[in-house]
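Close look at the chain arrangement
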Amino acid sequence: MQAPTGLLKPSSKVAVLTGAGVSAESGIPTFRSNGGYWNQHRFEDLATPEGFFSDPKFVWIWYEERRRAIAAARPNAGHEALAEMEKRVAAFTLITQNVDGLHDLAGSKNVIKLHGDIWTLRCLKCGRERVDRSELNDLPPFCACGGMLRPGVVWFGEMLPEGAMERATAAVRAADVLIVAGTSAQVYPAAGLITMARTVIEINPEATAFSDDATYSLRGTSAEILPQLLLD
Ligand code: OAD
């Protein structure tokens, strides 16, 4: 589907909410589409504190597999269009549910990571965090202090990173337009941001619960449609 022209101007204040779908064309599976992680695994086992503490090695093996797959992936045209958009408009905030870091790699600067970052490791004993993109061979990994490390992502039932939701809410409320790309919008509080926006442009090959209320609901992939928004 072709995006309508004239939606973005140099004076526009833009907020963007992204989900796993924007990384699909980089070869990273989503969670709930065909072949998505939660069609093959129980999220309770892999993405909750209870699952982690009942079998840290099992959970870490899954995260390390994802880390290696993501390390081999490159940002796609959708990630790149968002990095370019940031340079062209008056205000820009990218709010992502993704933990893969591909928005950073594409060059986006003002990024709020609602669900953390898969490259961050956090010590369960001393609380220290470090970014580590290396291959982790002994799983689970341990901190120098002797504590076990966990992935720096947000699991179901956990708080979002401090201040992240407040900053995201402020950016959406201040924006003329919210672009919602590649998310099924089923996970809260992230999905709740959509109801706070004045104008919503949704980009998704499938309809979501928010499609009928979106100002523009564009059926297509993010790598196809996000670059079109730059063409005005
Ligand atoms: P989902 O897997 O729930 O949804 C992915 C969405 O992307 C679906 O609506 C697809 O139709 C759409 N999609 C697929 N390919 C696409 C493409 N090429 N371009 C655009 N859209 C495409 O992923 P999220 O909504 O991100 O949380 O899931 C939200 C959270 O649930 C994740 O952050 C994760 C997960 O459990 C945690 O791990 C805490």
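Residues numbered from 1 in each chain as written. Predicted model: local features only at pLDDT ≥ 70, side-chain atom pairs only at ≥ 80, totals over all residues. Heavy atoms only, no water.

Here we look at the site of the ligand
Surveying the vicinity of the ligand reveals 23 residues, the closest of which are Phe31, Arg32, Thr183, Ser184 and Asn204. Contacts to the ligand include Phe31, whose backbone N or O atom sits 2.7 Å from an oxygen atom. Asn204 is positioned with one of its side-chain polar atoms (N or O) 2.7 Å from an oxygen atom of the ligand. Coverage of the ligand by the protein chains reaches 92% of its 800 Å² of free accessible surface. Looking at the shell around the ligand, you find at least three residues from each of domain 1 (1-27 + 76-115 + 161-232) and domain 2 (29-72 + 120-153). (Near = heavy atom within 4 Å. Polar contact = N/O pair within 3.5 Å; in protein donor to acceptor, adjacent residues only side chain to side chain. Areas by Shrake-Rupley, 256 points an atom, 1.4 Å probe, with all protein chains shown as cover. Domains from an automatic or database assignment.)

A short note on the domain arrangement of the protein
What the domain assignment lists for the protein is domain 1 (1-27 + 76-115 + 161-232) and domain 2 (29-72 + 120-153). In this structure, domain 1 and domain 2 have C-alpha centres spaced 26 Å apart. The partner domain 2 presents eight residues to the 10 residues of domain 1 that form the contact. In total, domain 1 and domain 2 occlude about 710 Å² of area from one another, counting both sides; carbon and sulfur atoms represent 67% of this. Among the residues of domain 1 in contact with domain 2, Ala20, Val99 and Asp100 are the three that bury the most area, contributing 42% of the side total. Where domain 1 touches domain 2, the interface holds zero salt bridges. At the surface where domain 1 touches domain 2, the tally comes to zero residue pairs in polar contact (both at pLDDT 80 or more). (Contact = heavy atoms within 4.5 Å. Buried area = accessible area lost by both parts, 1.4 Å probe. Salt bridge = Lys/Arg side-chain N within 4 Å of Asp/Glu carboxyl O.)

Thoughts on the sheet that holds strand E6 (residues 149-153)
Spatial ordering of the open sheet is given by E5-E4-E6, a layout of three strands whose pairing is antiparallel. Strand pairing shows two members of the sheet lacking a second neighbour, strand E5 (129-131) and E6, which therefore form its edges. Strand-to-strand twist of the sheet, defined as the mean angle between neighbouring strand axes without regard to direction, takes the value 40 degrees. Two strands pair when backbone bridges link them, and strand E4 (residues 116-123) and E5 are joined in this way by three bridges, in the antiparallel orientation. Bridge pairing links Leu121 to Arg130 in E5. Packed on one face of the sheet, helix H4 (residues 56-71) meets E4 and E6 and runs near 135 degrees to E4. (Pairing = 2+ DSSP bridges. Helix = DSSP H or I, 4+ residues; strand = E, 2+ residues; numbered from the N terminus. Axes fitted to C-alpha atoms, helices over the stretch in contact; angles between N-to-C directions.)

Focus: the pairing of E6
Across the five residues that make up E6, a large majority, five, are buried. With four bridges joining them, E4 and E6 adopt antiparallel strand pairing. Looking at E6, one finds that Cys123 is bridged to Leu149. (Buried < 20%, exposed > 50% of the residue type's maximum accessible area, 1.4 Å probe, protein only.)

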